[in-house]
Every structure is written in structure tokens, then in C-alpha cells.
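Structural characterization, general
Here is what each chain is made of, one letter per residue.
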Amino acid sequence: MTFDEAREKFPSLGLGLYGMEPGQAVTLEVYSPDGQVFSFRGATAQAALDLAFPPEPETPPAEPAENVFD
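I will try to describe carefully the structure that is included in this document. As the structure is a computational prediction, the values presented were derived from the model and not from experiment.

**Some words on the overall build of the protein**
- For the protein, the helix and strand inventory stands at 2 helices and 3 strands.
- The order of helices and strands in the protein, counted from the N terminus, is α-β-β-β-α.
- For 70 residues, the compact-globule formula gives about 11 Å, and the C-alpha radius of gyration of the protein, at 18 Å, lies well above that figure.
- Here the C-alpha coordinates of the protein stretch approximately 65 × 30 × 15 Å along the principal axes.
- Across the protein, contacts joining residues at least 24 apart in sequence account for 20% of those joining residues at least 6 apart.
- Of the roughly 5600 Å² of accessible surface on the protein, a fraction of 56% belongs to carbon and sulfur atoms.

**Regarding the packing of aromatic side chains**
- Tallied over the full model, the rule gives 1 aromatic pair.
- When the centroid spacing of 5.1 Å and the interplanar angle of 20° are considered together, the rings of Phe-10 and Phe-53 count as stacked. Of this pair, Phe-10 sits in the loop between helix 1 (3-9) and strand 1 (14-18) while Phe-53 sits in the segment after helix 2 (45-52), and the two are 43 residues apart along the sequence.
- Since its relative accessible area comes to 29%, Phe-10 is described here as partly exposed.

**Points about the sheet that holds strand 3 (residues 37-42)**
- Sheet architecture is open: 3 strands sit in the order 1-2-3, paired in antiparallel fashion. Unpaired on one side and paired on the other, strand 1 and strand 3 mark the two borders of the sheet. Geometrically, the sheet is characterised by an average inter-axis angle of 15° between neighbouring strands, direction not taken into account.
- Relative to strand 3, strand 2 (residues 26-31) is paired through 6 bridges, and the arrangement is antiparallel. Its bridge partner lying in strand 3, Thr-27 is registered against Arg-41.
- Relative to strand 3, helix 2 is tilted by about 135°, and along the sheet it contacts strand 1, strand 2 and strand 3.

The rules behind the values
Every chain's residues receive numbers from 1 upward, in the order its sequence appears when written. At least 70 in pLDDT is required for a residue's local features to be given in this predicted model, at least 80 for side-chain atom pairs to be given and counted, and no such filter applies to totals for whole chains, interfaces and linings, which use all residues. The basis for the side-chain values is all heavy atoms of the structure; hydrogens and waters are excluded. Think of it this way: any DSSP run of H or I at least four residues long counts as a helix, any run of E at least two long counts as a strand, and we number them from the N terminus. The globule rule used here is 2.2 Å times the number of residues to the 0.38 power, and the radius of gyration it is set against is calculated over C-alpha atoms. Two residues qualify as a contact provided that any one of their heavy atoms is within 4.5 Å of a heavy atom in the partner residue. Accessible surface is estimated by sampling points in the Shrake-Rupley manner with a 1.4 Å probe; for residues, cover comes only from the protein chains shown. Two aromatic rings from Phe, Tyr or Trp, using only the six-membered ring of Trp, form a pair when their centres are within 6.5 Å; if the ring planes differ by under 30 degrees the pair is stacked, by over 60 it is edge-to-face, and anything between is tilted. A simple rule labels every residue: compare its accessible area, found with a 1.4 Å probe on the protein chains alone, to the largest value its type can have, and call it buried under 20%, exposed over 50%, or partly exposed in between. Between any two strands, at least two bridges found by DSSP are needed for them to pair. To define axes, lines are fitted to C-alpha atoms, for helices over the stretch in contact only, and angles between the resulting N-to-C directions are given on a 0 to 180 degree scale.

Here it is in C-alpha cells:
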């Protein structure tokens, strides 16, 4: 999920993304409607986003059900 996709999918959350230390980790902060702040650090912006909003596992295509004619 990209930063913009997260903003679209979770409109009630505030998101802050910053890298204050050159060459170091990036921090993503997620602000909940009730005032809580959750921080996630990763080597890249995408790594931090993946920690906060883990990618959904890809599901393999369903195999056709066997029937009496197979």
C-alpha cells in the first residue's frame, strides 16, 4: 500500500512520514481519531508503510472443483 492509498483507505487517520537523520531510517506516525500515536520505522518509506499496513497475502487462483465427470 502506498502513502496515498493508506490516506484514501483510512480517511479517519492522520499520517506523518519523515526522515530526520540523513541516511537513517524513515519514521511513519499514524494518528488515530482518539489522539493515540503509533510509530513505525523502516529503512524506506515503503518499509515503514508495510509495517503499519501489512500487505495482504496474495491468494492463488482457486482450482476448479472436481466433479463426477472428471
